[in-house]
Amino acid sequence: MDSAPLKVDEEKARHAKRVKLREMNAAMNVQVELSRLDSSLKRHTGLIKRMRQSLGTDHHDQILKDIDSLSLEKYIDEIAGATLEGITRCKTEKDVWSAVEVISAFHRRFPAAFTPSLISSLSAALAAPSRAALSALPPEQREKEDSARVSRQRPLLRVCSELALVGIITDGQKRSGGEWIMKVLRELLSNDPTLSSLPLLSIFLKSYSRPYLGLTPPQSKQISAEAEPGTLSSATTNATQGEFPTLFHEDEEIVEQEIRDRFKRMCEGYFDSVSKKLTIEHKRLQDQDRRNHEAYIRSGEIFEDRQQAYEKMTKGYEKLLASCQTLSELLYLPMPSLPTASQKSDSIQIGGNAVLGDEEDPFANSGGKWEDEEERRFFEDIQDLKDFVPKSVLGIESDEKEDNEATEEREKAEKEKADAEAKKLEEELEGLKLDGDRVNGRKDGTAEFKMREEEPDGAVTPTPTSPTKASSPPLSPQLAPQGPSQLLTALLARLPDATNRAMIDQAAIDFAFLNSKAARKRLIKFLGAVPKNRIDLLPHYSRFVATLNRYMPDIGVELVALLDEEFRYLQRKKNVVKELAEVRLKNVFYLSNLTKFRVVPSHLVLHMFKACLDDFSGTNVENISMLLEGCGRFLLRSDETRERFGTMLELMRRKQSMQHFDQRQILLLENAYYQCNPPERTPRQQKERTPLELFIRHLIYDVLAKKTIDKVLKLLRKLDWDDPIVQRVLHKVFTKPWKIKYGNINLLAMLTYDLQRYHPAFAISVVDQVLEDIRRGLEQNVYSTNQRRVATIKYLGELYIYRLLGSILVFDTMWSLVTFGHPEGHPLPRQPCPMDMPNDFFRIRLVCVLLDTVGMCFDRGTQKRKLDNFLVFFQYYVLCKEDLPMDVDFMLSDSMEAIRPKMTMYKTIEEAALAVDDMFNVALQNAGLSTGEDSGEDSDEGERPQQQDEEDGDTTGQESSNEDRTPSPDPVVVLSTQEHLGPSEEAEAEFEKELAKIITDSSAESRKVDKKTAWWDSVVLAPNLRKKLADEGDVDAGGDNIPDGNAVMQFTVITKRGSKPQGRHLLVPAESALAVHTRSAQLQDKVEQQHLKRLVLDYEQREEAEEMKALEVRNRAGAIKIRYVG
């Protein structure tokens, strides 16, 4: 390769520079004349400032010049601090070497004052972070802290590595600083379970693998995968002979051979640990991927929490894989072999789908022995401690031997007692020896992997997953490490707060590192003394025991024996019911959870069930119920207990039918039985919908919002509206407002209004269907459809707000809500009605919803009067009911307060009835149906306020519902069944003709007046002057004021002095031409005003009469006749 000689030359050049600088630092023959050195504060301050900025090549020459020309003795501490800060800004290799030369220059001048202070500062800066401080931070903050620390320590480690090679950092006389660097790296890597310090090792190996480890690139970057772990170093050394010759003789090496070998073994061991962790994470990722696939097949979707956990796991795995590949390339070691999905399929099926092994299981389709996927994961996906804890701590090899020996003993039934005791003694001795090895291993800190070779200084290879222990002597007595007893006490104190899977699994791992016989006894005693009011902890404690039980079976056996003894004691105390009720609940619930984790043997729990069944009375009824609810489903669907437990269930049902139990016990037994053995039900058939229908439903139900309504409208307009299928789907969606969020009903009405401009027939059909649904709800009055009816009535109000229907339909709906179904349309106090009982207040809710939606629109003119009339009758309707519930009363008060805050509220039914009578009498008189026909001028006061455009064609119907009222003098005869919603075309034409004639006559009369004599027409009296004269009893120039006994007329003469008009009285004889003409003009104007007013009032009376006729026809067609009796 062409790059090989280049690499050799570069390495030789670096080696030569280091050797030369090392010799200069060792000589220390710096001759300085103190008298010629500058001690000015300004230059010293400038030097320190430049050093803080950077020790790189930019300031290299100037700093060296200042070192030779400044005194510096008084500023050693400041210079050491500035040096540390300047090192952190050295990014490139040239900057690092520049910093090394600067530090060497200081070292040669001040070897005793500067160098120890600097080395102490560098050691503190490269120290591992506090595990306690990091664990207190949230994960995101912890990740940021680790990233900032690695960025800060990267240049420090490179500079320290160079300083150890040039003789500034040393391990002793005539020794390099290789061991100092190795201890720093071991500290960083051993206290780093998250592998956040791994980039520091990668940076170190990229630049210093040759001088510190003696590594040279082999002929191929990676040796064969068949190489044994113990022969990696030799394989690497042999591989180097292919291309790189021996660069230096041993006497030319800077770092000692012993240090290089130990350094290499440490890095190889760390790579082995990272590879193992990578393999574990790879398997976990594949398991999670398989479970996600199964969940997707089973439920059709992957839940968000599962997806987020998978993404987080994938991100961590990819980061770990990249780091492992980097280490593999730098150490020239092979990557670990990662099993593919096909290689792993068998083990996955055995481990993950063991419960689904029986394909003919009738309960497999209904979820098997677990109610849902979350419960299955909790009870079956138990972590394997050997993936997190070293085998030496768990004693797996010894356990395997003991299992084999136990199997042989079971096969040989007739074995001599002496041989059995001898074997037992040998096993105990092996256990004692293994325990001693464990203690020694924990003392040495070999948690993740074991060192085969003994190291002379007791150095320990770091591990990324070692427990929380300090491997270096503490800096202060307060940081002294705790012993196993204190750690176990802290763990047991933490267990009551471990209320999720992650925390309880971590607690199991922590206990595995503290495992001993005494620790197991303390744990069993603690687990058996759970407070009786903390049964929420029992499922998590059971998972904790199940995790440890695989490698520490005595924990499960002794805990089950403890609970079994407690169960027997409670059976003997059956007469003590109330005092021991909570204890019984805790005991049975604990056993049930342990049974589902397969810690309790099946024969034991079946025996307990049988013991309770033998005495099937009293507290045993509750015990059986709790057992059935806790683990009955599991026992009934497990292969080994299905038959026996099914027989016991049948026996229990027979005893239950033969014995007498109170209602509470029967309910307990029935609920428990059907919870463990639910009746078979056919699966609900999901309605099949076309993709187009699903798309439309998605737009309306999921996408529709204030921000997306324009987008939804555009997409709906793009549909094929000529297709009847599309129209049918849209009609169904738009006429079922109860299927969307209640707050989005107004958006659905807005969409209907927007679509009306393009498809008016569609909007009409929607309104028709909504009115039909309201009518159907009144006829059926089914409680289960109440929410639908509320949404529909709300939708009707929103459709009115968006001008899709007129106010007459809204008032008709409100009147039908209070009259429909009652005899002759008249609700009677406390009288039962099949469609609207006195204790049924739902119609009041509907009216309040409609008033809250559209009540604010009826605040002027005719609509205001219509709503006021309805509210009077509505109060009468409410008083006809029984006493209102509190929520309905509050709803009614809020609605009335919002639309008519000053309206009189009636307290009794008599007051409301009188108000209704008065209201209908006034309505009849205004409609022209009373005996007096001369009420045209007195029925209205002045002008009527103009209504909005959308209300011009509206007609009223609420006050016309009394045409059959008894006091009416004559019945109204309807000659035509055609419904008239307003004046006919002939009446409109006649009115227009009369109005045009009046306007024309008025214009002609005004033209006949002589302009000379009618000079007052153009005169306008100032408002303030008019008011002043009116107060004095005067009128304007056109008024008539004839004093008694005097044939004169009083006029006001307006004069103008400057810019201010003034009025002056003038008496004119009544016989004069001016007075006669003025009087005749006044009479003529008054006649015309009366005539025009009568025409307008007659038109309104005709309009209201037509409305009453139309309402009568509609009511007769609907077979409803309303007659109000005073």
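1. Observations regarding the overall build of the protein chain
Consideration 1: The secondary structure content of the protein chain amounts to 42 helices and 2 strands.
Consideration 2: The buried share among the 1126 residues of the protein chain stands at 41%.
Consideration 3: The contacts in the protein chain between residues at least 6 apart in sequence include a share of 76% that link residues at least 24 apart.
Consideration 4: Element-wise, carbon and sulfur atoms account for 53% of the exposed surface of the protein chain, whose accessible area totals about 62,800 Å².

2. Regarding unusual backbone geometry
Consideration 1: The phi dihedral of N781 is positive, around 55°, even though this residue is not glycine.
Consideration 2: Phi is positive for R830, close to 60°, though the residue is something other than glycine.
Consideration 3: For R830, the position within the fold is in the loop between α35 (807-819) and α36 (842-854).
Consideration 4: On the basis of relative accessibility, which here comes to 43%, the residue R830 falls in the partly exposed class.

3. As for helix α32 (residues 745-756)
Consideration 1: For α32, built from 12 residues, the straight-helix expectation of 16 Å at 1.5 Å per residue is met to within 8% by its first-to-last C-alpha distance of 17 Å.
Consideration 2: Where α32 is concerned, the buried positions are I745, L747, L748, A749, L751, T752, D754 and L755.
Consideration 3: Looking at the buried residues of α32, the elements they touch are α29 (691-703), α30 (709-717), α31 (724-734), α33 (760-780) and α34 (786-801).

4. Considering the nonpolar core
Consideration 1: By size, the foremost hydrophobic cluster in this structure holds 78 residues, and its most contacted members are I700, L716 and F734.
Consideration 2: Ranked by the residues each element gives to this core, the list is headed by helix α37 (residues 861-880), at 10 residues.
Consideration 3: Not counting residues up to four positions away in its chain, the partners in contact with L716 are L699, I700, W721, L730, F734, L751 and L755.
Consideration 4: By size, the runner-up hydrophobic cluster in this structure holds 77 residues, among which are L163, M266, L285 and L327.

5. Some words on the packing of aromatic side chains
Consideration 1: A full pass over the atoms with the stated rule returns 27 aromatic pairs.
Consideration 2: Ring geometry for Y208 against Y212: centres 6.2 Å apart, planes inclined by 80°, an arrangement best described as edge-to-face. Separated by 4 residues within a single helix, Y208 and Y212 lie in helix α10 (residues 198-213), roughly one turn from each other.
Consideration 3: Taking relative accessible area as the criterion, Y212 reaches 0% and is therefore assigned buried.
Consideration 4: Taking the ring centre of Y673 as reference, the NZ or CZ of R653 above it sits at 4.1 Å.
Consideration 5: Geometry around Y758 places R717 over its ring, the cationic atom sitting 3.8 Å from the centre.

6. Description of the environment of L559
Consideration 1: Looking at the element boundaries, L559 is found in helix α23 (residues 553-572).
Consideration 2: For L559, a relative accessible area of 1% gives the class buried.
Consideration 3: Along the chain, L559 and L523 lie 36 residues apart, while their C-alpha atoms are 9.5 Å from each other.

7. So, the side chain of T595
Consideration 1: Looking at where T595 falls in the secondary structure, it is placed in helix α24 (residues 581-596).
Consideration 2: By relative accessible area, which is 3% here, T595 ends up buried.
Consideration 3: Not counting the four nearest positions on each side in its chain, T595 is found in contact with V600, V605, C631, F634 and L635.

8. Re the pattern of salt bridges
Consideration 1: Inspection of every chain in the model, using the stated rule, returns 45 salt bridges.
Consideration 2: Several salt bridges share partner residues, and in doing so they unite R291, E373, E374, R376, R377, E380 and D381 into one network.

9. Regarding a nonpolar patch on the surface
Consideration 1: Where nonpolar side chains cluster on the molecular surface, the patch consists of L995, I999, L1092 and V1096 and spans about 300 Å² of accessible area.
Consideration 2: Going through the elements one at a time, α40 (985-1008) and α42 (1073-1117) are the ones with two or more residues in the nonpolar patch.
Consideration 3: With respect to the helices and strands, the residue L995 is situated in helix α40.
Consideration 4: The exposure class assigned to L995 is partly exposed, which follows from its relative accessible area of 31%.

10. Considering helix α26 (residues 619-637)
Consideration 1: Spanning 19 residues, α26 covers 26 Å between terminal C-alpha atoms, matching the ideal 27 Å at 1.5 Å per step.
Consideration 2: The sharpest bend along α26 reaches about 65° and sits at C631.
Consideration 3: Within α26, 17 of the 19 residues are buried, leaving the element largely enclosed by the surrounding structure.

11. Focus: the packing of helix α2 (residues 41-53) against helix α4 (residues 76-87)
Consideration 1: Between α2 and α4, the shortest axis-to-axis distance is 6 Å and the interhelical angle comes to 25°. Between α2 and α4, the angle is such that the two are roughly parallel. Contacts between α2 and α4 involve I48, M51 and R52 from the first element and E78, I79, A82, T83, E85 and G86 from the second.
Consideration 2: For the contact of α2 with α4, the class distribution of residues is 4 nonpolar, 2 polar and 3 charged.

12. What about the packing of helix α8 (residues 139-165) against α10?
Consideration 1: Here α8 crosses α10 at 15°, and the two axes come no closer than 9 Å. Relative to α10, the element α8 is oriented roughly parallel. Once α8 is placed against α10, the crossing between them reads as right-handed. In this structure, α8 uses R149, V150, Q153, R154, L157, R158, S161, E162, A164 and L165 to contact α10, whose residues at the interface are P199, L200, I203, F204, S207, Y208, P211 and Y212.
Consideration 2: A breakdown of the residues in the contact of α8 with α10 according to their chemical character gives 11 nonpolar, 3 polar and 4 charged.

13. Describing the environment of R642
Consideration 1: Mapping R642 onto the fold places it in helix α27 (residues 642-658).
Consideration 2: Polar contacts involving the side chain of R642 include one to the side chain of D639, which spans 3.2 Å.

14. Let's talk about the environment of T499
Consideration 1: Among the structural elements, T499 can be located in the loop between α19 (484-494) and α20 (501-513).
Consideration 2: Residue classification places T499 among the partly exposed positions, given a relative accessible area of 42%.
Consideration 3: Considering only alpha carbons, one finds T499 and D536, 37 residues apart in sequence, at a separation of 8.2 Å.
Consideration 4: Apart from residues lying up to four places away in sequence, T499 is in contact with L537 and H540.

15. As for the confidence of the model for the protein chain
Consideration 1: When pLDDT is averaged across the protein chain, the result is 76; 74% of the residues are at 70 or more.
Consideration 2: This model gives residues 1119-1126 a pLDDT under 50, and the stretch forms 29 contacts once residues within four places in sequence are excluded.

The rules behind these values
Sequence order sets the numbering: in each chain, residues are counted from 1 along the sequence as written. At least 70 in pLDDT is required for a residue's local features to be given in this predicted model, at least 80 for side-chain atom pairs to be given and counted, and no such filter applies to totals for whole chains, interfaces and linings, which use all residues. Hydrogens and water are ignored here; the side-chain numbers use all heavy atoms of the structure. The numbering of helices and of strands both runs from the N terminus, where a helix is a DSSP run of H or I of at least 4 residues and a strand a run of E of at least 2. Three labels apply to residues, based on accessible area from a 1.4 Å probe with only protein chains included: buried if under 20% of the type maximum, exposed if over 50%, partly exposed otherwise in between. The criterion used for residue contact is that any of the two residues' heavy atoms lie within 4.5 Å. For accessible areas, the Shrake-Rupley method is used with a probe of radius 1.4 Å. Any residue's cover is judged against the shown protein chains and nothing else. Every helix has an expected span of 1.5 Å times one less than the residues it contains. Remark: nonpolar core denotes a set of buried residues (Ala, Val, Leu, Ile, Met, Phe, Trp, Tyr, Cys) joined through side-chain atoms within 4.5 Å. Pairing of aromatic rings covers Phe, Tyr and Trp, the last through its six-membered ring, and needs centres within 6.5 Å; plane angles under 30 degrees mean stacked, over 60 mean edge-to-face, and all others mean tilted. Placement of a charge over a ring requires the Lys NZ or Arg CZ to be within 6 Å of the ring centre, with the centre-to-atom vector within 35 degrees of the ring normal. Each salt bridge in this description consists of a side-chain nitrogen of Lys or Arg and a carboxyl oxygen of Asp or Glu lying within 4 Å of one another. Patch construction takes residues with relative accessible area above 30% that form no salt bridge. Like charges are linked within 9 Å, and nonpolar side chains (Val, Leu, Ile, Met, Phe, Trp, Tyr) are linked within 5 Å. The angle between axes fitted to the seven-residue stretch ending at a residue and the seven-residue stretch beginning at it gives the bend at that residue. Helix axes are fitted only over the stretch in contact, all axes being lines through C-alpha atoms; the angle between N-to-C directions runs from 0 to 180 degrees. For classification purposes, angles smaller than 35 degrees are called roughly parallel, those larger than 145 roughly antiparallel, those between 65 and 115 roughly perpendicular, and all remaining angles oblique. Ten residues, namely Ala, Val, Leu, Ile, Met, Phe, Trp, Tyr, Cys and Pro, are considered nonpolar, four, namely Asp, Glu, Lys and Arg, are considered charged, and the remaining ones, Gly among them, are considered polar. For any pair of crossing helices, the crossing counts as left-handed if the nearer helix is rotated counterclockwise from the farther one by less than a right angle, and right-handed if it is rotated clockwise. Any pair of nitrogen or oxygen atoms within 3.5 Å is treated as a polar contact; in protein, a donor-acceptor pairing is required on top of that, and neighbouring residues in sequence qualify only through side-chain atoms on both sides. Confidence per residue, as judged by the predictor, is encoded in pLDDT with a range of 0 to 100.

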